[in-house]
Amino acid sequence: DQQVKQNSPSLSVQEGRISILNCDYTNSMFDYFLWYKKYPAEGPTFLISISSIKDKNEDGRFTVFLNKSAKHLSLHIVPSQPGDSAVYFCAASGSTGANSKLTFGKGITLSVRP
Amino acid sequence: GAGVSQSPSNKVTEKGKDVELRCDPISGHTALYWYRQSLGQGLEFLIYFQGNSAPDKSGLPSDRFSAERTGGSVSTLTIQRTQQEDSAVYLCASSRTGGVGPDTQYFGPGTRLTVL
């Protein structure tokens, strides 16, 4: 029973264009949603997060949108750069203590073509 | 400062053998997590340590898996009588206090375990 779903395994975009990575979840009790980026042979690195009480959070080229009614979030990368090519994981968690454990999606491989 | 380190980076073992995986969290971080990523899957939570509290073992897949954290710092994940389905990348993460928001989880590079 997957609580966090990334239904597209891969995405390819042209350098300079927008990348939109989607994520759906089923557990309405999640308090935070996060995006992690992973390069081969490295651990995931935190990218951006959003609280369940917000609908948008922006950090430079990265913006995360949350639609609670649809249980859907998306990561927008504008403009996309070749260095953004990596696997992106959507994750969700509660607030504190044992609920802070992350529930991850399966990831999406983003390829940005020069 | 130094990030989360894990050793070994790669481990190949034979079915039925025991293995120990080590994690050194970021100094001062009180929360420590173990996850694993099997082929084609997302990261799966295994166990969570917070300070001196009893660990949350709810993600451990079987009683062959155990973990301990000594002195509130280094952690070892032990898998007894390994099976081929245990083959995965085992990732350790730490955070300052165990919350989200400012208390981001920082991941180590992982240990790739292959059970032949």
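Look above for the structure.
The rules we used
Residues numbered from 1 in each chain as written. Chains lettered and ligands numbered in written order. Predicted model: local features only at pLDDT ≥ 70, side-chain atom pairs only at ≥ 80, totals over all residues. Heavy atoms only, no water. Pairing = 2+ DSSP bridges. Helix = DSSP H or I, 4+ residues; strand = E, 2+ residues; numbered from the N terminus. Axes fitted to C-alpha atoms, helices over the stretch in contact; angles between N-to-C directions. Core = buried A, V, L, I, M, F, W, Y, C linked by side-chain atoms within 4.5 Å. Buried < 20%, exposed > 50% of the residue type's maximum accessible area, 1.4 Å probe, protein only. Contact = heavy atoms within 4.5 Å. 1 Å grid on protein atoms, 1.4 Å probe; cavity = no way out; pocket = protein on both sides within 12 Å on 5 of 7 lines; lining within 4 Å. Points joined across faces, edges and corners; volume = space filled by probe spheres on them. Nonpolar A, V, L, I, M, F, W, Y, C, P; charged D, E, K, R; others polar.

Draft legend 1. Focus on the sheet that holds strand β3 (residues 19-24) of chain B. All names here are of chain B. Strand order in the open sheet formed by four strands is β1-β3-β7-β6, with antiparallel pairing between adjacent strands. Every other strand in the sheet has two partners, leaving β1 (5-7) and β6 (65-69) as the edge strands with one partner each. Ignoring strand direction, the axes of neighbouring strands in this sheet form an average angle of 15°. Relative to strand β7 (residues 75-79), β3 runs antiparallel, the two sharing five bridges. By the bridge assignment for β7, Arg 22 is matched with Thr 76.

Draft legend 2. Spatial organisation of the nonpolar core. All names here are of chain A. Judged by nonpolar contacts, the single largest core of 24 residues is most densely connected at Phe 33, Trp 35, Leu 73, Leu 75 and Tyr 88. Elements with a minimum of two residues in this core: β3 (19-25), β4 (32-38), β5 (45-51), β7 (62-67), β8 (72-77), β9 (86-93) and β11 (108-113). The biggest single contributor to this core is β9, with four residues. Other than its neighbours up to four places away in sequence, Leu 73 contacts Leu 21, Asn 22, Cys 23, Tyr 25, Phe 33, Trp 35, Val 64, Phe 65, Leu 66 and Cys 90.

Draft legend 3. Local environment of the layout of surface pockets. Looking at the largest pocket, its volume works out to about 470 Å³. Taken together, 21 residues form the lining of the largest pocket, with A:Lys38, B:Gln37, B:Ala88, B:Val89 and B:Arg112 sitting closest to its centre. Contributing elements (two or more residues each) for the lining of the largest pocket: β8 (88-95) and β10 (111-115) of chain B. A total of four residues in the lining of the largest pocket trace back to one element, the largest contributor, which is β10(B). Here the lining of the largest pocket is built from residues that sort into seven nonpolar, 10 polar and four charged. Of the voids in this model, the second largest pocket is the one considered here, and its volume is about 370 Å³. For the lining of the second largest pocket, the secondary-structure elements that each account for two or more residues are β10 (103-104) of chain A together with β5 (43-50) of chain B. Take the lining of the second largest pocket: its biggest share by element is three residues, from β5(B).

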